[in-house]
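# Report on the structure
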Amino acid sequence: MIDLPESPAPRSTSEIASFHAHIYYDPATTRLEAERLRTWIDERFSVTLGRWHDVKVGPHDQAMFQVAFAADVFPVLVPWLMLNHGRLSILVHPNTTNPRRDHLADPFWIGPQLAVHGEKLPEESPIEQAPLPNTRVAAEILARPVTRKERRFSQLTMDQLDEKQKPLGEQIMKVSSIGIAGPYNPMLRSPVLGQRLFDLFHYLRWETSVPTKLNEFAILIVGRQWRSQVEWHAHAPLAAKAGLSSEIIAELKAGKRPPSMAEDEAVVYDFVTELTTAKKISDPTFARAKKLFSDQQIVDLTAVAGNYVMVAMMLAMAEETVPAGKEPPFKDKGVYS
Ligand code: ZN
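Residues numbered from 1 in each chain as written. Predicted model: local features only at pLDDT ≥ 70, side-chain atom pairs only at ≥ 80, totals over all residues.

## Some details on the overall build of the chain
- A tally of helices and strands in the chain yields 13 helices and 5 strands.
- Taking 337 residues into account, the globule formula puts the C-alpha radius of gyration at 20 Å, and the chain, at 28 Å, lies well above it.
- Oriented by its inertia axes, the alpha-carbon framework of the chain measures out at about 90 × 55 × 30 Å.
- Counting every position in the chain, which comprises 337 residues, the buried fraction comes to 29%.
- Within the chain, contacts between residues separated by at least 24 positions form 68% of all contacts whose residues are at least 6 apart in sequence. (Helix = DSSP H or I, 4+ residues; strand = E, 2+ residues; numbered from the N terminus. Rg over C-alpha atoms; globule rule 2.2 N^0.38 Å. Buried ≥ 20, exposed ≤ 12 C-beta atoms within 10 Å, placed from the backbone. Contact = placed C-beta atoms within 7 Å.)

Structure follows, in structure tokens:
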């Protein structure tokens with residue numbers, strides 16, 4: 001039996017702040033080739049080109065220059081280097097907090113492997129984010145007018161979650177139709193809050209005293225008021241599945257008070273709409289609610305409506321939208337879309 005080294009969990013790629021590609025050359029024979037490769041990179045990739053080192057520096061056994069780049073450049077740059085390195089050797093390594101391990105244990109080589117004098121490197125150092133790109137193509141990208149806005153919160157993937165976020169991400173994946181997108185994407189940025197909200201969502205969906213059809217109707221009413229693409233996208237199918245008629249869903253979506261509601265549906269509509277628009281409940285509406293619902297149901301109904309205002313706020317703040325390839329339910333121009 002061979003013992004596995006003790007490791008409680010696989011390392012996460014969130015450890016990697018950036019990458020280096022060290023491009024080695026021989027000043028006597030392959031410098032021109034290195035110059036040509038450098039020019040090609042300059043014209044094609046948004047990276048940071050380092051100085052020429054015609055003499056050995058640091059842990060490096062040959063003359064070289066360094067290319068620093070962000071993780072999102074890796075999938076375009078590295079395969080291109082594989083095809084275009086010619087006679088040059090390239091060391092590609094991640095930048096974590098352990099430079100010695102990054103250079104010696106975890107890198108890979110394009111072209112013939114050279115020596116790396118790792119003993120010169122520390123085992124602990126501040127993490128190195130990718131510096132500002134300095135290539136010609138980076139300057140061009142910067143000069144271009146902005147056509148597409150960047151996301152306010154880049155979409156997290158399960159692999160990127162750190163130790164504080166991962167347990168929440170795993171719970172979300174078990175119940176969410178949109179994975180860790182939508183409100184979960186900003187929520188994961190504050191994992192303790194995110195966990196407590198998730199627990200609240202759990203109560204409001206599966207433990208609430210309000211019948212599912214009316215509960216989902218209340219969520220849709222708030223989703224319509226906020227014109228929340230994600231709330232409507234996620235909850236219209238749940239409302240239909242719980243028995244809310246397609247006419248009521250269509251009328252609500254069109255911005256009308258649905259004319260064909262049963263009394264319990266009408267009470268939910270008027271109760272939630274009054275509370276969110278007039279900021280109060282009139283005595284007649286409260287009396288109608290009291291006739292049909294228990295005190296607990298009235299409290300839970302108020303809570304579900306308020307919660308989905310909060311979710312709509314989270315979605316609006318983060319400018320989250322429906323998953324790629326899905327049609328946004330509201331086509332007309334709203335306050336936000
Ligand atoms: Zn390096």
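## Digging into the sheet that holds strand S4 (residues 89-95)
- Pairing is antiparallel across the open sheet formed by 5 strands, whose spatial order is S2-S3-S1-S4-S5. Every interior strand has two partners, whereas the edge strands, strand S2 (48-49) and strand S5 (108-110), have only one.
- Pairing analysis gives 7 bridges linking strand S1 (residues 18-25) to strand S3 (residues 63-69), with the strands arranged antiparallel. Each residue of the ladder has a partner; that of His-20, found in S3, is Ala-68. (Pairing = 2+ DSSP bridges.)

## Here's the deal with the confidence of the model for the chain
- When the pLDDT values of the chain are averaged, the result is 91; 95% of them are 70 or greater.
- Below a pLDDT of 50 lies the segment residues 333-337, which in the model reaches 6 contacts outside its immediate sequence neighbourhood of four places, other chains included. (pLDDT = per-residue confidence, 0-100.)

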